[in-house]
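Architecture at a glance
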Amino acid sequence: MTTIHLPELCLVALIGASGSGKTTLSRQLFAPGEVLSSDAFRLMVANDENAQDATRDAFDSLYFVARKRLARGLLTVIDATNVQADARKRIVSLAKEFDVLPVAIVLDLPEDTLLERHRARTDRPFGAHVIGQQVGHLRRSLRKLQGEGFRQVSVLSTEADVGPARVVRERLYNNLRHETGPFDFIGDVHGCLEELRDLLGKLGYETADNLSVTPPKGRKAVFVGDLVDRGPDTPGVLRLVMGMVAAGTALCVPGNHDIKLMRALQGRKVTVSHGLEQSLEQLAAEPLEFRREVASFIEGLISHYVLDGGRVVVAHAGMKAVYQGRASGRVREFALYGETTGETDEFGLPVRWDWAAEYRGEARVVYGHTPVPVAEWLNRTIDIDTGCVFGGSLSALRYPELELVSVPARQVYAQPVRLLLPEGDAPSAQQAHDELLNLEDVTGKRSIETRLRGRVTVHEDEAAAALETLSRFAVDPRWLVYLPPTMSPSETSGREGFLEYPAEAFDHYRRAGVERVVCQEKHMGSRAVLVVARDAAAARARFGVQDGRSGVVYTRSGRAFFEDAALEAEVIDRARAALDASGLWEELHSDWVVLDAEILPWSLKAGELIRRQYAAVGSAAAATFPAEVQALEAAVARGLPLADLLNRTRERETLTTAYVSAYRQYVRRVTSLADIQVAPFHLLASEGGVHVDRDHVWHFQALARLAEVDPVFIATGHREVDLNDPEGVAVAEQWWLDLTAGGGEGMVVKPLGFVARGKKGLVQPAVKVRGREYLRIIYGPEYTQAGNLERLRARGLNGKRSRALREFALGVEALERFVRREPLRRIHECVFGVSALESEPLDPRL
Ligand code: CTP
Ligand code: MG
């Protein structure tokens, strides 16, 4: 035998006495990384290939590496003598642990050859008798290898066998990664032939008669098993599916009912129950030949398939991630029956271990087995057995469209033991599962894949900070589908008396290759995210919230915006009414929206900060400067040389007065909604879409419609600017000067498109240019004085800009995942990411 056929994933034991040529052969047959040699590990742990006292350490490390490789699904070869049963037992159990096939390649060369080689070697400092002993062990082992569990044994016994030996790797039966679909996965049919034909028809398959079914071009049906039992026409279903599989227009995995029927047909002892009686009765009317074909068809079915490059897996009862693409008895058992907890429920049925709830795999898993009222995604898994035979429906999942198609049962063919009626108000499977969040999903160092900016890394300590913030202070996590990014200011301006000025923001975008921008008035308030559902039912259905609320307003750190829940409810009600009146629900085909907004006055959220920090400075100045100026004036009048100090003091008094008037205009007492204004500026997302593909003008215009119907909402002033048009730029500059002259906060400059890419990739989504007087609040009353301004101009923006981009990418990713109805943990991964990045230390004045 010179061609050795190996499964692409297996654990290979090389077996042979010293000098039989194991190491030499392994180089001939396998890639270097695939071979783990005990001698190489002895060398690594003890500097000596022959160090017998290092055997234990060498094997410990060899097994450690082997486990890592097998966990990754990589073929692995163990190069050691393996002539003793104990050594091989360990190999077989390692293969079992990872559900891969153990195979043996034996080098059984004549003892004379080995002794001759041994004499010629200088690297094996042991006596020739050792070879004799090893050969003895090997010979006694040869016949036992199959029994020990090796699924395949190849013996090479002459040098003529070894020389030309080569390995051919064969794909595992379950590996259909090269089949990319599109597919139509079909749930448990259970002999419901008419419904199956209805469903195939609805999916666009042409069913001229039972034997010829023509799929829409390029499509393939994939049956999740349980074709048989309980229903009216098991033979008809079998004939149709067998025909499709034979014609290559369908794949089929076996269900537990199919296997039991096969066993019955093969004359094995089975309990005839759970609908098997109907199948046998119906099949009794068929020719013997057909019954034989059925048995061999079922016998030939593969228990699970990995399809489309590993992106989707199908098995009757599901397939947990570590079993996907593996082959072992327990993998097959899992595919057919799932795993049970060993307990039974109130109906006497076994309690199934809910593998789907714990599923964290990347591949989608499509399965059946347990009838459910509706097929629903849970952690990328979906049960499409909607109980047709029990009077439910027969369902299909179209892939890659992920569209569910079903047809109702024409009648109730069997009574279920367990009721499968949908409960009207019950949360979806995913929502029910998301009730309990898992710490592991948000802690530790994380690497989050985003569409806009590739991988974003969150460090462990930052993740811990986010957990602290969000778990202690945030709103109900089900609402928390987005956090806004931070925003960088423009580069500092060299202009006399200004720290920030529009020219630098325009330059920034020009350099990035952006030609058209929008300038948006920056309302001086506090950032808020509004999640608004059309009514409480829509909130329950889409967000899974159970408390009857229909919306929420939270801050950029995820905390409730309003301390007063009644006030929050009022804001939500008004937002909903404005959305009703504006017709936006219909236009967006949605019954929920996520808005980014500024809520005024600033003092509503920042009251405490203003009192303790800004007002304290203001009143200290008011209390001391007049007296100080008075005293200095008197002293100067008496001829003392204090004119300079007097001037300086007067100037400081003026600056502090300007400082007080800067913050004072943002302070207003709030007693009711009438004192509050909401200025929304991004219509971030609604059912089916994250609106980052719309430009900012679309956002402003859509949201201005809320202001038209309710004065609580104010439209955000904005200008579109073509950066190549000097006149337009000048107008925008003047606009900014006017806005900020009286202490206005300033403006935000954004690329016209929500997401802009320039020469260096993703461009800052926004850059703020704050007004000269407003900046007094941030940098202190005297910041404009010569010396201070020069010092402040040396500020680094790189950290802030990098953070802004990462947070922007994460925020959009969170919304995109929410819109795709991914599990909450996948959304929170991004939301927690934004919160985590906020804990990076950065100058808070930027
Ligand atoms: N050798 C040979 N012809 C072969 C294979 C090996 O002459 N077809 C010689 C090698 O040149 C080497 C010796 O036999 O000098 C041992 O070969 P090796 O592949 O190292 O044998 P192993 O089975 O790996 O021996 P050990 O268990 O001692 O590592
Ligand atoms: Mg060797």
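Criteria and thresholds
Starting afresh in each chain, residues are numbered from 1 along the sequence in its written order. Chain letters and ligand numbers both follow the written order, the letters beginning at A and the numbers at 1. Only residues with pLDDT of at least 70 are given local features in this predicted model, and only at 80 or more are side-chain atom pairs given and counted; all residues enter the totals for whole chains, interfaces and linings. Excluding hydrogens and water, the side-chain values take into account all heavy atoms of the structure. Cavity: a set of points on a 1 Å grid over the protein atoms alone where a 1.4 Å probe fits but cannot get out. Pocket: an open set with protein on both sides within 12 Å along at least five of seven lines, its lining residues, like those of a cavity, having an atom within 4 Å of a point. Grid points are joined across faces, edges and corners, and a volume is the space filled by probe spheres set on the points. To qualify as a helix, a DSSP run of H or I must reach at least 4 residues; to qualify as a strand, a run of E must reach at least 2; elements of each kind are numbered from the N terminus. Under the scheme applied here, ten amino acids are nonpolar (Ala, Val, Leu, Ile, Met, Phe, Trp, Tyr, Cys and Pro), four are charged (Asp, Glu, Lys and Arg), and all others, including Gly, are polar. For two strands to be treated as a pair, DSSP must find no fewer than two bridges joining them. Helix axes use the C-alpha atoms of the stretch in contact, all axes being lines fitted to C-alpha atoms, and the angles between their N-to-C directions lie in the range 0 to 180 degrees. Here, residues are in contact when the closest pair of their heavy atoms is within 4.5 Å. The source of the domain bounds is an automatic or database domain assignment. Consider each residue's heavy atoms; a residue with any of them within 4 Å of a molecule or strand counts as near. N or O atoms closer than or at 3.5 Å make up a polar contact, with two conditions inside protein: a donor-capable atom paired with an acceptor-capable one, and, for residues adjacent in sequence, both atoms drawn from side chains. Note on areas: Shrake-Rupley with a 1.4 Å probe; residue coverage comes only from the protein chains shown. UniProt positions are given in the numbering used here, feature names are shortened, and annotations may be inferred rather than shown by experiment. Under the scheme applied here, a residue whose accessible area is under 20% of the maximum for its type counts as buried, over 50% as exposed, and between as partly exposed, the area being computed with a 1.4 Å probe on protein chains only. Here the word oblique covers every angle except those under 35 degrees (roughly parallel), over 145 (roughly antiparallel) and from 65 to 115 (roughly perpendicular). With the far helix as reference, a near helix turned anticlockwise by less than a right angle produces a left-handed crossing, and one turned clockwise produces a right-handed crossing. Basic side-chain nitrogens of Lys or Arg form a salt bridge, by our definition, when they fall within 4 Å of a carboxyl oxygen of Asp or Glu. When we speak of the arc, we mean the arc of directions from the helix axis to the C-beta atoms.

The next point concerns the layout of surface pockets. Using a probe with the size of a water molecule, rolled over the atoms, empty space left in the structure can be pinpointed. Here the second largest pocket is characterised by a volume of approximately 1,400 Å³. Around the second largest pocket, the lining comprises 47 residues; the ones closest to its centre are Lys522, Arg527, Arg556, Lys768 and Pro844. The leading source of residues in the lining of the second largest pocket is helix α22 (residues 603–637), at five residues. Residue composition of the lining of the second largest pocket, grouped by class: 21 nonpolar, nine polar and 17 charged.

Within the open sheet, the five strands sit side by side as β3-β4-β2-β5-β6. Their pairing is parallel. Strands with a single pairing partner mark the edges of an open sheet, and in this sheet they are β3 (35–37) and β6 (152–156). Pairwise comparison of adjacent strand axes, ignoring direction, gives a mean angle of 20° for this sheet. Here helix α4 (residues 85–97) sits on the sheet and contacts β2 (10–15), β4 (76–79) and β5 (101–107); the angle it forms with β2, its principal contact strand, is near 170°.

Glancing now at the domain arrangement of the protein chain. The domains assigned to the protein chain are domain 1 (3–170), domain 2 (175–422) and domain 3 (603–664). The centre of domain 2, based on its C-alpha atoms, is set 81 Å off from the matching centre of domain 3.

Close contacts around ligand 1 come from Ala17, Ser18, Gly19, Ser20, Gly21, Lys22, Thr23, Thr24, Asp39, Arg117, Arg121 and Arg124, and that covers them all. For ligand 1, an oxygen atom lies 2.4 Å from a polar atom in the side chain of Thr24. If ligand 1 stood free it would expose 600 Å²; the protein chains cover 71% of that surface. Ranked by the residues each element gives to the shell around ligand 1, the list is headed by helix α1 (residues 22–29), at three residues.

All right, on to the environment of Ala503 then. Relative to the helices and strands, Ala503 is located in helix α18 (residues 502–512). In the structure, Ala503 is positioned 229 residues away from Ala732 in sequence and 9.8 Å away in space, judged by C-alpha atoms. Every residue in contact with Ala503, bar those within four places of it in the chain, is listed here: Arg495 and Glu733.

Right, let's get into the UniProt feature "domain: Polynucleotide kinase-phosphatase ligase" (unreviewed entry) in the protein chain. The feature "domain: Polynucleotide kinase-phosphatase ligase" (unreviewed entry), as given by UniProt, occupies residues 465–841 in the numbering adopted here. Segment residues 465–841 splits into 49% helix and 16% strand. End C-alpha atoms: 12 Å apart.

Before going further, it helps to examine empty space enclosed by the protein. Within the structure shown, the criterion is met by one cavity of 30 Å³ or more. Put simply, the largest cavity is a space of about 40 Å³. Lining the largest cavity, in full, are Val442, Arg446, Ile448, Val458, Ala463, Glu829, Phe832, Gly833 and Ala836. Elements with a contribution of two residues or more to the lining of the largest cavity: β23 (446–450) and α29 (824–837). The element that contributes the greatest number of residues to the lining of the largest cavity is α29, accounting for four residues.

With burial as the criterion, each face of strand β9 (residues 183–186) is covered, one bearing Phe183 and Phe185 and the other bearing Asp184 and Ile186. Of the strand pairs in this sheet, β9 and strand β21 (residues 393–399) are connected by four bridges, and their pairing is antiparallel. Considered in β21, the bridge of Asp184 is made with Arg398.

This paragraph deals with the packing of helix α3 (residues 55–71) against α4. Where α3 meets α4, the closest approach of the two axes is 10 Å, and the angle between their N-to-C directions is 25°. When the interaxial angle is binned, α3 and α4 end up roughly parallel. The handedness of the crossing between α3 and α4 comes out as right-handed. Residues Phe59, Asp60, Tyr63, Ala66, Arg67 and Leu70 of α3 form the contact with α4, whose participating residues are Ala87, Arg90, Ile91, Leu94 and Glu97. In terms of residue class, the contact of α3 with α4 is built from seven nonpolar, no polar and four charged.

Any two side chains of opposite charge can pair if their charged atoms end up close together. Evaluation of the coordinates by the stated rule reveals 62 salt bridges. Asp39 serves as the salt-bridge partner of Arg42, at 3.0 Å between the closest nitrogen and oxygen. Highlighted residues: Arg42 and Asp39, both in helix α2 (residues 38–46), separated by three residues, approximately one helical turn. Residues Arg42 and Asp39 agree in their burial class; the two are buried. Among the salt bridges present, the one from Arg650 reaches Glu633, with a minimum N-O distance of 2.7 Å. Taken together, the positions of Arg650 in helix α23 (residues 643–664) and Glu633 in helix α22 put the pair 17 residues apart, joining distant regions of the chain. By relative accessible area, which is 34% here, Glu633 ends up partly exposed. A single network of salt bridges, built from pairs that share partners, joins Arg446, Glu813, Arg817, Arg820, Glu822, Arg826 and Glu829.

This part is about helix α12 (residues 276–284). The complete set of buried residues in α12 reads Leu276, Ser279, Gln282 and Leu283. Seen end-on, α12 carries its buried residues on one side only, within an arc spanning 130°. In α12, those exposed residues whose orientation departs by more than 90 degrees from the buried face are Glu281 and Ala284. Where α12 is buried, its residues touch α10 (234–247), α11 (256–265) and α13 (288–299).

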